[in-house]
Amino acid sequence: MTDQNLEAAVSAGVMSAESEHRALLQSIVEVARAIFSAKAASIFLHDEDSDELVFEAVAGEGSDSLIGTRFPSSTGVAGWVLVTRQPLIIDDLEQDPRHARETAESTGYVPKAMMSVPLLHEERALGVLNVLDRSQSVEFSLGQMELLGLFANQAAIALDLLQRARHARAVLTRSGGDAGVIARIASALEDLDDEQREPVLRLLGALDDVLRTDVSF
Amino acid sequence: MAQPEQKPERYTGETLPAWSLPAAASAEIGIGVEWPERVTREWALGGSTGAGIRVCILDSGVQPDHPLVGPLEGAVALRKTEEGEIVVEDDTEGDLCGHGTACAGIVRSVAPDCSLFSVRVLGAGFKGSGSVLLEGLRWAIGQGFGVINMSLSTTKKQFSGLLHELADSAYFRRTVLVASAHNMPVESYPWRFSSVISVGSHEETDPLTFFYNPSPPVEFFARGVNVEVPWIGGTRIRSSGNSFATPHMSGICTLILAKHPELTPFQLKSVLYLTASNVGGAE
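Residues numbered from 1 in each chain as written. Chains lettered and ligands numbered in written order. Predicted model: local features only at pLDDT ≥ 70, side-chain atom pairs only at ≥ 80, totals over all residues. Heavy atoms only, no water.

1. Structural notes on the layout of surface pockets
Residue and element names in this part refer to chain A. Where we set the bar: Cavity and pocket criteria rest on a 1 Å grid covering protein atoms alone: a 1.4 Å probe that fits but cannot get out defines a cavity, protein on both sides within 12 Å along at least 5 of 7 lines defines an open pocket, and an atom within 4 Å of a point defines a lining residue. Grid points are joined across faces, edges and corners, and a volume is the space filled by probe spheres set on the points. Where helices and strands are cited, they refer to DSSP runs of H or I of at least four residues and of E of at least two residues respectively, numbered from the N terminus. All amino acids are sorted into three groups, where Ala, Val, Leu, Ile, Met, Phe, Trp, Tyr, Cys and Pro are nonpolar, Asp, Glu, Lys and Arg are charged, and the leftover types, Gly among them, are polar.
The calculated volume of the second largest pocket comes to roughly 600 Å³. Contributions of two or more residues to the lining of the second largest pocket are made by β1 (40-47), β2 (52-60) and α5 (142-174). Across the lining of the second largest pocket, the residue classes break down as four nonpolar, three polar and 10 charged.

2. Some remarks on the confidence of the model for chain B
All names here are of chain B. So the rule is basically this: Looking at any residue, its pLDDT shows the predictor's confidence there, from 0 to 100. Throughout, a residue-residue contact means that at least one pair of heavy atoms, one from each residue, lies within 4.5 Å.
Summing up the model confidence of chain B, the mean pLDDT is 90 and the portion of residues at 70 or higher is 91%. Confidence drops under a pLDDT of 50 for residues 1-12, and excluding neighbours within four residues, the segment shows 31 contacts in the predicted structure. Listed scores for the predicted complex are pTM 0.84 and ipTM 0.81.

3. A few points about the nonpolar core
Selection criterion: Throughout, nonpolar core names a set of buried Ala, Val, Leu, Ile, Met, Phe, Trp, Tyr and Cys residues whose side chains join them through atoms within 4.5 Å. We call a residue buried when its accessible area falls under 20% of the maximum for its residue type, exposed when it is over 50%, and partly exposed in between, using a 1.4 Å probe and counting protein chains only.
Counting residues in each nonpolar core, the largest one holds 94 residues, and the members touching the most others are Val121(B), Leu137(B), Ile148(B) and Met150(B). Ranked by the residues each element gives to this core, the list is headed by α5(A), at nine residues. In this structure, Ile148(B) is in contact with Cys56(B), Leu58(B), Leu137(B), Ala140(B), Ile141(B), Thr175(B), Val176(B), Leu177(B) and Val178(B), ignoring residues within four places of it in sequence. Membership of the second largest hydrophobic core comes to 37 residues, among which are Ile57(B), Cys103(B), Leu116(B) and Ala245(B).

4. Description of the pairing of strand β7 (residues 197-202) of chain B
Residue and element names in this part refer to chain B. Rules: Two strands are said to pair when DSSP picks up at least two bridges between them.
Counted residue by residue, β7 has six buried out of six residues, so it is predominantly covered. Side chains Ile197, Val199 and Ser201 of β7 all project onto a buried face; the interleaved residues Ser198, Gly200 and His202 project onto the opposite face, where all are buried too. Of the strand pairs in this sheet, strand β6 (residues 176-180) and β7 are connected by three bridges, and their pairing is parallel. Across the sheet, the residue bridging to Val178 is Ile197, located in β7. Relative to strand β9 (residues 220-223), β7 is paired through four bridges, and the arrangement is parallel. Opposite Ser201, over in β9, you have Ala222 as the bridge partner.

5. Concerning helix α5 (residues 242-259) of chain B
The condition is simple: In a helix, the anticipated span is given by 1.5 Å times the number of residues less one.
Between its first and last C-alpha, α5(B) extends 26 Å over 18 residues, near the 26 Å set by a 1.5 Å rise per residue. The element α5(B) is largely enclosed, with a buried count of 16 among its 18 residues.

6. A short note on the packing of aromatic side chains
Residues and elements named next belong to chain B. To keep things clear, this is the line we draw: For this analysis, a ring pair means two rings from Phe, Tyr or Trp (six-membered ring only for Trp) whose centres lie within 6.5 Å, classed as stacked if their planes differ by under 30 degrees, edge-to-face if by over 60, and tilted for the remaining angles. Criterion for a charge above a ring: Arg CZ or Lys NZ at most 6 Å from the ring centre, at most 35 degrees from the ring normal.
As enumerated under the stated definition, the model contains 10 aromatic pairs over all chains in all. Taken together, a centroid distance of 6.2 Å and an interplanar angle of 65° make the contact between Phe210 and Phe220 edge-to-face. Of the two residues, Phe210 is situated in the loop between β7 and β8 (211-212) and Phe220 in strand β9; the sequence distance between them amounts to 10 residues. Under the relative-accessibility criterion, Phe210 is labelled buried at 1%. An angle of 80° between the planes, with centres 4.9 Å apart, marks the rings of Tyr212 and Tyr273 as edge-to-face. Taken together, the residues span a long stretch of sequence, with Tyr212 in strand β8 and Tyr273 in helix α6 (residues 265-275) at a distance of 61 residues. Since its relative accessible area comes to 22%, Tyr212 is described here as partly exposed. Put simply, the rings of Phe210, Tyr212, Phe220 and Tyr273 touch in pairs and so form one group of aromatic residues. Taking the ring centre of Trp191 as reference, the NZ or CZ of Arg192 above it sits at 5.7 Å.

7. Observations regarding the sheet that holds strand β3 (residues 86-90) of chain B
All names here are of chain B. The nine strands are arranged β3-β2-β4-β1-β5-β6-β7-β9-β8 in an open sheet whose pairing can be described as mixed. Edge positions in the sheet fall to β3 and β8, since each has one partner strand and no second. Relative to strand β4 (residues 115-120), strand β1 (residues 54-59) runs parallel, the two being bridged by six bridges. From the neighbouring strand, Arg54 faces β4, where its bridge partner is Ser115.

8. Brief notes about empty space enclosed by the protein
Across all of its chains, the model carries five cavities of 30 Å³ or more by this definition. Quantified by volume, the second largest cavity comes out at close to 70 Å³. Lining the second largest cavity are Ser74(A), Gly76(A), Gly79(A), Trp80(A), Val83(A), Ser60(B), Leu96(B), Cys97(B), Leu122(B) and Gly123(B). Each residue belonging to the lining of the second largest cavity can be placed in one class, and the counts come to five nonpolar, five polar and no charged.

Below is the structure:
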C-alpha cells in the first residue's frame, strides 16, 4: 500500500460513514428543492467503471426504493446533460412520451418541467442534479439559471469529497486488516478529549520510535 | 475494469504553403465585398432566407420528419467500435434525446431556406464521447459546411489542443463554428477559442436580437430563454439554456452568409459586431 493510499484509508476511517454521506446527498437535494420551490429534486452520480448513471438521492415526489437504480449514461435528458456538460431547462415535458416513460422508470415520478444541470468538478462530470416542477409562479429567468449553476457548483464540490471518501474506504477494504487497524486507532483517537489523547499519543510516539529503529533480536 | 479513452490522433490539415505578398500580387487580392459606409442589419441580412448555406447540427441527431425542422440534406452518426475505431455511418435512428431536433428547428425558424445536415456525436454513452465529438467535428469540417452549430462542450483538457486545431482549421476554411458558452464557473471547450463564435443567452424574445459582449471570452448573447422548440415524437416544448441561444446565432450567421457568401469568418464576425443590438447597426 502506498503512503498516499494509506493516508486516504486512514482518513476514511476518521471521516463519516456511508450513512452520513447519504445524509449529505439528501441535504443537497432538499436544499435544491427548497431554493426553487420545486416538487422534487434528485441526484444521479456517474459510475465511471460501468459508464452508468446511478440514482442516488431524491427529495419530494418520487420513490426512495429506486435509489441505486442504474441506467445508461446517455439516457434521456440527464444523459444529455452529463455528456454535453451543458445545463438544460425544459418545460412541457409531458408532451414527450419517451421521456415520460424513461423518467417514470428511473424516478417513479413524471414531471411537467425539469431543470437538469451537470455536476462538474475540475475536468470531471460527476453526475447530474435534476430539479423537477419548479414553482411556475414566475417565468424562468437567467437569474434562476445563475442560481442553479452556483448551487450545482457547490453540490459538485460536496460530491467530489464524497467520492474521494468512498474511494478511500474501498482502498481500506481491499487492504485487509492492516490499514483497518490504523484507521480504527485514528478514529478512536479523534473521539478522545485532550486529556485522554495525550498519553495515547505518547504511547504511539514510542511505538513509532521502536518501529523506526533498526532493531535486531 | 474500464479502459482509458483512446487519445485521438493529431489533426492533419492541408499542406502548408509559404506565405508572403509580393508587390505585384497586392492588386490581385481585392476584397469582393462592397462594404457600405455604414454596415446595418438591413445590409447584412435584409431579405435573406439562408438559401444556399449548408448548416451542420453537431448534436444528438435530428428527427427528420418534424414539421418544424423540415427536410434534411443528410444525416450521419459517429460510433466507436469495440476495437476503439470511430466510424461514420448513415444515421437511421434520428434523434436520441430531442436536443438536436430543437437546435435544428431553431436554425430553420431563423433561416428557413438553409440546408440542414445532422451529424450525431452523442448517444453512445459518456465514455468516449470526447473523442467521438472530435472526430465528428473533424468530419464536419471536411464536408465544407458554411456553419457548424455546437451546442455542447467538453471539460477534458486532453481534448482542448486538438479542438483548438480543428477550430482554427474551420476558421481558415471558411466554416463558421458557433459554440455554446458555459454559464457555470468551469473551463470548457471549444467556446473559449477566439476562432469560434461563442454564444450565451439573453432574456429577450426577438429571435434576431443579439448583443456583442465587450468583456469576452463569450462574444455574443442571443435568445436562449423560454424558447419554443421542436422535440422528439413530433412534439414542441419550451426550453432555456445557452444550447438554444447558439442555434439562434447560427441562424443569424446563415442569413448573413447567404446574402454575402464571400465573407470569411473574420469578416462575418466583424459584421456581427457592427450589427449587434447594442452596437448601433441593428436597424
